Amino acid sequence: MLGPGCEEAATLALQAWPGGLQIGGGINTKNAKQWIDKGAAKVIVTSYLFPDGKFSLDRLIEIENIVGKDNLVVDVSCRRQQGDDGNCRWVVAMNKWQTLTDMEVNRASLSLLAPHCSEFLVHAADVEGLCRGIDEDLVRKLGEWVDIPTTYAGGANSVHDLQKVHDLSGGKVDLTYGSALDLFGGDKVKFEDCVAWNNRVLQ
């Protein structure tokens, strides 16, 4: 929801489907309740929680108190980094994923955040928008770490990625599509095929 005309378009979308959509982009304590009142099911917050790139639990609790835990999604979108021990790690990124914060995505950090929100959104920023495949390592780790509903985004380019994410995460992580989806102008994944998979596997 960043850029000219986005707020107007978001308002129209919420009017079309009250209680059916989540909204993110520039969410803070001043506007979060406003978007819930306009019909958003949940607000998605990232940058507000990281003033100067440093995580603020006080800010998370503040926005939780305003909209309620059930109406809050914490976006821990991240970039892959090489740890000092040579192992892979993921660091939360903000400001269009250009600024790394002081928070690593791992079991400890997700356990800290989980009591204050109802859901996680995790973009794998390094593969986002490329349609070249998901970050399987991250999906697998999220399956080990999360205990609340979690949606992964980034790199999906086939309807078969739905099953792959389901299997890698032990059924604990959902997948969202972006530029690969026909609804968004893509030519790799059909919306109706995604619906059919969900109806077949998840019901």
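Residues numbered from 1 in each chain as written. Predicted model: local features only at pLDDT ≥ 70, side-chain atom pairs only at ≥ 80, totals over all residues. Heavy atoms only, no water.

Moving on to the pairing of strand β7 (residues 119-123). Of all five residues making up β7, five are buried, and the element is well covered by its neighbours. Residues of β7 alternate between two faces, with E119, L121 and H123 on one and F120 and V122 on the opposite face, all of them buried. In this structure, strand β3 (residues 72-75) lies alongside β7, joined through three bridges in parallel fashion. Counterpart to V74 in the pairing with β7 is F120. Where β7 and strand β8 (residues 150-153) come together, four bridges link them in parallel fashion. From the neighbouring strand, H123 faces β8, where its bridge partner is A153. For the crossover from β7 across helix α5 (residues 136-145) to β8, the handedness is right-handed. (Buried < 20%, exposed > 50% of the residue type's maximum accessible area, 1.4 Å probe, protein only. Helix = DSSP H or I, 4+ residues; strand = E, 2+ residues; numbered from the N terminus. Pairing = 2+ DSSP bridges. Right-handed = clockwise from strand over helix to strand, strands pointing away.)

Moving on: the packing of α5 against helix α6 (residues 160-168). The N-to-C vectors of α5 and α6 enclose an angle of 45°; their axes lie 8 Å apart at closest approach. As the angle between them shows, α5 and α6 are arranged oblique. On α6, the residues that touch E136, V139 and R140 of α5 are K164, V165 and L168. Looking at the contact of α5 with α6, its residues break down into three nonpolar, no polar and three charged. (Axes fitted to C-alpha atoms, helices over the stretch in contact; angles between N-to-C directions. Parallel < 35°, antiparallel > 145°, perpendicular 65-115°, else oblique. Contact = heavy atoms within 4.5 Å. Nonpolar A, V, L, I, M, F, W, Y, C, P; charged D, E, K, R; others polar.)

Considering all chains together, one arrives at two aromatic pairs under this definition. Judged by centre distance (5.6 Å) and plane angle (55°), the rings of F50 and F55 are tilted. By relative accessible area, which is 2% here, F50 ends up buried. Classification of F55 by relative accessible area gives buried; the value is 19%. Plain terms: the ring middles of W90 and W145 are 6.4 Å apart, the flat faces sit at 75° to each other, and that makes the pair edge-to-face. Of this pair, W90 sits in strand β5 (residues 88-94) while W145 is found in helix α5, placing the two residues 55 residues apart along the sequence. For W145, a relative accessible area of 12% translates into the label buried. Across the ring face of W35, the terminal group of K38 is positioned such that the distance to the ring centre comes to 4.5 Å. Above the face of the Y48 ring, R59 is positioned so that its terminal group lies 4.4 Å from the ring centre. (Phe/Tyr/Trp six-rings, centres within 6.5 Å; stacked < 30°, edge-to-face > 60°. Lys NZ or Arg CZ within 6 Å of the ring centre and 35° of its normal.)

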